[in-house]
Amino acid sequence: MTTNRLERLTGLLPARMRGQVGAYFDALEVFMEVRDPKVLAALGPSGVRGLLLQRGKQGVPSLMRASHQAHFDWTYSSEHPEMRELYTRAKRGQWDADVVLDWTRSVDPLDPNVPILPDDFLDFDDLEGLLGVRLTAGERKKILHSLAAWLLSQFLHGEQGALFAAAQVTEAVQFFDGKLYGATQVMDEGRHVEVFHRYLDTKLERLYQINDNLFVIIDALMTDSRWDMKFLGMQIMVEGLALGAFGTLYQQTKEPLLKDLLRYVIQDEARHVHYGVLALREHNKQLSEAERREREDWSFEVALLMRNRFMAWEVYEEWFEGKLTREQWKGFVTRAPGMSQFRHVMFSRLVPNLREIGLISARMIPRFEKTGLLQYMGGLSADRLDGDRLVAELDRAA
């Protein structure tokens, strides 16, 4: 069924029902975008729970059954010096949000002199053309406030997923140096949950529900029994993309408290992705050809889903449902300058790490080229970028 015909049919429904039907068709489209049947089978149950049943939006805690094995090493062998060095750096890099961040700072999300997001993050001329009305300066600020709160809410939800995944991986990983480092990451992720929630609660006074597509990824990772798939999904995919997103917001925001918060979080996240590269670089060399192909296909498909699905539907439902079609909103968000930069920076961090851990073989090159992701192939992987250098690069580019 064509998009125009679908819009005509759903346009006959009441506004609330029209939104629900549109959301279900969007969920179906997500499934149709996954070309590999094995990846679809792996993500399918999580997709049903997240996209159709919307388990993340029921107002109750989500229960996800863990099935991994805890791996005990009674010899406490230390055979990974680079990982042991990362553990030492992580111990030295711990910080207390009550001490290093000035929570007494007043934050006004509508203050034009200290914008959380710049005015050109969204193309408001494009939006006004779609709406057919002019927006006041105040309305533009309120929309940017909503989008900033939505972005930070998704960061918060992703950090909760990272907290639990890091705990699982620390149990399941099969080398003791990794367990020691993993313990520091659990602490890091708990601190990230603390600071993002505190900023949203006390400064922006708004919290959005988890995006359905993020729920799907977290659900799939938490319920997978294989430690290396948890590593791949969380340390490389989710954390790698988050590192790019944090960097973009760090460059663009003028709000001092948020900028300081992000500086500390970026330094932690750089270590987390570095850990993922160290753990999987050697492990993936031991995989069978079938196992390696499965992980290549999975990471590629998930990368596309995350690129194509960062659509802020929750902001659409708050502001524009009944005024714009879902297809119009999707096009607007895709074209928005700030969101385009998000995608660019996120994938400039992700693709080099996939290359470094051996998951972009010759058979994958045409697929990366066709989707525009091959342009990021030559970037630096996380094992070559520490947090201080990354922040310095962001400051120079700002």
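All values derive from a computational prediction rather than experimental measurement.

## Considering unusual backbone geometry
Working step 1: Non-glycine residue Q54 carries a positive phi angle of around 50°.
Working step 2: Structurally, Q54 can be placed in the loop between α3 (37-52) and α4 (81-92).
Working step 3: Positive phi outside glycine occurs at A312, with the angle close to 55°.
Working step 4: Turning to its location among the elements, A312 is positioned in the loop between α12 (289-308) and α13 (313-319).

## Description of the packing of aromatic side chains
Working step 1: What the rule picks out here adds up to 17 aromatic pairs.
Working step 2: Aromatic rings pair up to connect W313, Y316, W319, F320, W329 and F332 into one cluster.
Working step 3: Between the NZ or CZ atom of R191 and the centre of the ring of W95, over which it lies, the distance is 4.6 Å.
Working step 4: Sitting above the plane of the Y250 ring, K259 keeps its charged end 4.2 Å from the centroid.

## Some words on helix α11 (residues 256-283)
For an α-helix the count is 3.6 residues per turn, leaving residues at separations of three or four pointing the same way.
Working step 1: A rise of 1.5 Å per residue sets the reference length of α11, with its 28 residues, at 40 Å; its end C-alpha atoms lie 41 Å apart and thus fit the reference within 8%.
Working step 2: Its side-chain oxygen at 3.1 Å from the backbone nitrogen of L257, E255 defines the N-terminal cap of α11.

## Considerations on α3
Working step 1: The first and last C-alpha atoms of α3 sit only 19 Å apart over 16 residues, clearly below the 22 Å expected at 1.5 Å per residue.
Working step 2: A maximum bend of about 45° is found in α3 at L43, where proline P45 lies one to four positions downstream.
Working step 3: Within α3 the residues assigned to the buried category are V39, L43, G44, S46, G47, G50 and L51.
Working step 4: Just downstream of α3, Q54 is the residue with a positive phi angle, here 50°.

## Observations regarding the pattern of salt bridges
Working step 1: Considering all chains together, one arrives at 34 salt bridges under this definition.
Working step 2: The partner of D268 in a salt bridge is R271, and the shortest N-O contact between them spans 2.8 Å. Of the two residues, D268 and R271 are both situated in helix α11; the distance of three residues between them amounts to about one turn of the helix. Of the two residues, D268 and R271, neither departs from the other in class, the shared state being buried.
Working step 3: Residue R281 pairs with E356 through a salt bridge whose shortest N-O separation is 3.3 Å.

## A look at the side chain of R271
Working step 1: With a relative accessible area of 7%, R271 lands in the buried category.
Working step 2: Ignoring any residue separated from it by four or fewer positions in sequence, one finds R271 in contact with L86, R89, A90, G93, Q94, Y181 and D188.

## Examining the side chain of D268
Working step 1: In this structure D268 comes out as buried when scored by relative accessible area, which is 1%.
Working step 2: Of the polar contacts made by the side chain of D268, one reaches the side chain of R271; its length is 2.8 Å.
Working step 3: When neighbours within four sequence positions are excluded, D268 is seen to be in contact with G93, W95, D188, R191 and H192.

## Topic: the confidence of the model for the protein chain
Working step 1: Across the protein chain, pLDDT averages 90, with 91% of residues at or above 70.
Working step 2: Helix α5 (residues 97-100) holds the highest mean pLDDT among the elements of the protein chain, 98, whereas helix α1 (residues 3-10) holds the lowest, 55.

## Examining a nonpolar patch on the surface
Working step 1: On the surface, V48, L52 and L53 cluster together to form a nonpolar patch covering roughly 210 Å² of accessible area.
Working step 2: Counting through the fold element by element, L53 comes out in the loop between α3 and α4.
Working step 3: Owing to a relative accessible area of 41%, L53 belongs among the partly exposed residues under this scheme.

## Concerning the packing of helix α6 (residues 124-131) against helix α7 (residues 137-172)
Working step 1: At their nearest, the axes of α6 and α7 sit 12 Å apart, and the two run at 105° to each other. Accordingly, the angle class assigned to the pair α6 and α7 is roughly perpendicular. Mapping the contact onto sequence places F124, D125, L127 and E128 in α6 and R140, I143 and L144 in α7.
Working step 2: Residues belonging to the contact of α6 with α7 are distributed by class as follows: four nonpolar, no polar and three charged.

Rules and cut-offs
Residues numbered from 1 in each chain as written. Predicted model: local features only at pLDDT ≥ 70, side-chain atom pairs only at ≥ 80, totals over all residues. Heavy atoms only, no water. Helix = DSSP H or I, 4+ residues; strand = E, 2+ residues; numbered from the N terminus. Phe/Tyr/Trp six-rings, centres within 6.5 Å; stacked < 30°, edge-to-face > 60°. Lys NZ or Arg CZ within 6 Å of the ring centre and 35° of its normal. Expected span 1.5 Å × (residues − 1). Polar contact = N/O pair within 3.5 Å; in protein donor to acceptor, adjacent residues only side chain to side chain. Bend = angle between axes of the 7 residues up to and from the residue. Buried < 20%, exposed > 50% of the residue type's maximum accessible area, 1.4 Å probe, protein only. Salt bridge = Lys/Arg side-chain N within 4 Å of Asp/Glu carboxyl O. Contact = heavy atoms within 4.5 Å. pLDDT = per-residue confidence, 0-100. Patch = residues over 30% accessible without salt bridge, like charges linked within 9 Å, V, L, I, M, F, W, Y side chains within 5 Å. Areas by Shrake-Rupley, 256 points an atom, 1.4 Å probe, with all protein chains shown as cover. Axes fitted to C-alpha atoms, helices over the stretch in contact; angles between N-to-C directions. Parallel < 35°, antiparallel > 145°, perpendicular 65-115°, else oblique. Nonpolar A, V, L, I, M, F, W, Y, C, P; charged D, E, K, R; others polar.

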